[in-house]
Amino acid sequence: MKRLKRLSQMFLIVILLTSCKTLNNKDNLINQEENINEKNNIEKKRMEIKFSCGDEGITEYLDDGWIILKEDSQEKICTWKSFPATKDCNMEKDKGCKITKPDKIGEEKIYLLEK
């Protein structure tokens, strides 16, 4: 009987000690989440924007306080031109005789912005 009483007391103590430890872990997790939220607010925002074929709207972003970190440009096809493969080809009825090739080639500008 004494053994059973002693064993139950030990079991109760172990449960109480382990539950206190988990409460401390929960408090630490809450503090860590608050620190992460504060760091996210401090971090700068980044955005990538693309302008193609003569479209230019970067000044709106610069006026809004964005800074250009990186600028890149690539050649891009702006419009396509279709023409018949043979003289007797009807492009509306027979899609297989239609040939499509690039008509106008422009430039695509890619900006990496930071605020």
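This text goes with the structure placed above it.
Residues numbered from 1 in each chain as written. Predicted model: local features only at pLDDT ≥ 70, side-chain atom pairs only at ≥ 80, totals over all residues. Heavy atoms only, no water.

(A) Structural detail: the overall build of the protein chain. For the protein chain, the count of helices and strands is 2 helices and 3 strands. Counting helices and strands in the order they occur from the N terminus, the protein chain gives α-β-α-β-β. The proportion of buried residues among the 115 residues of the protein chain is 11%. Sequence-distant contacts in the protein chain: of pairs separated by 6 or more residues, those separated by 24 or more amount to 68%. As displayed, the protein chain has an accessible area near 10300 Å², and 53% of this comes from carbon and sulfur atoms. (Helix = DSSP H or I, 4+ residues; strand = E, 2+ residues; numbered from the N terminus. Buried < 20%, exposed > 50% of the residue type's maximum accessible area, 1.4 Å probe, protein only. Contact = heavy atoms within 4.5 Å. Areas by Shrake-Rupley, 256 points an atom, 1.4 Å probe, with all protein chains shown as cover.)

(B) A negative patch on the surface, seen in detail. Where like charges cluster on the molecular surface, the negative patch consists of Asp55, Glu56, Glu71, Asp72, Glu75 and Glu107. Sort the elements by how many residues they give to the negative patch and strand β2 (residues 67–84) lands first, with 3 residues. Secondary-structure assignment places Glu56 in the loop between β1 (46–52) and α2 (58–63). (Patch = residues over 30% accessible without salt bridge, like charges linked within 9 Å, V, L, I, M, F, W, Y side chains within 5 Å. Salt bridge = Lys/Arg side-chain N within 4 Å of Asp/Glu carboxyl O. Lys, Arg positive; Asp, Glu negative; His and termini not counted. Charge placed at Lys NZ, Arg CZ, Asp CG, Glu CD.)

(C) Representation of the packing of aromatic side chains. Applying the stated criterion to the full structure yields 1 aromatic pair. Seen from their ring centres, Phe51 and Tyr111 are 6.0 Å apart, and the 65 degrees between their planes marks the pair as edge-to-face. Here Tyr111 lies in strand β3 (residues 98–114) and Phe51 lies in strand β1, a separation of 60 residues in the sequence. For the pair Phe51 and Tyr111, a shared accessibility class is recorded, and that class is buried. (Phe/Tyr/Trp six-rings, centres within 6.5 Å; stacked < 30°, edge-to-face > 60°.)

(D) Highlighting the sheet that holds β1. A sheet is described by the order of its strands in space; here 3 strands give the open sequence β1-β3-β2, paired in antiparallel fashion. Sheet topology places β1 and β2 at the edges, where each strand pairs with a single neighbour. Taking each pair of neighbouring strands and ignoring which way they run, the sheet shows an average axis angle of 20 degrees. In terms of strand pairing, β1 meets β3 through 7 bridges, oriented antiparallel. Among the inter-strand pairings, Glu48 is bridged to a residue of β3, identified as Leu112. (Pairing = 2+ DSSP bridges. Axes fitted to C-alpha atoms, helices over the stretch in contact; angles between N-to-C directions.)

(E) Inspection of the state of the cysteines at higher detail. Evaluated as defined, the whole model comprises 2 disulfides. Each sulfur of the disulfide joining Cys89 and Cys97 lies 1.5 Å from the other. With the S-S bond torsion at 65 degrees, the cross-link from Cys89 to Cys97 turns out right-handed. Like Cys97, Cys89 is buried. In the protein chain, the bonded cysteines, taken in the order they occur along the sequence, pair up as 1-2, 3-4. (Disulfide = S-S within 2.5 Å.)

Geometry only, nothing functional implied.
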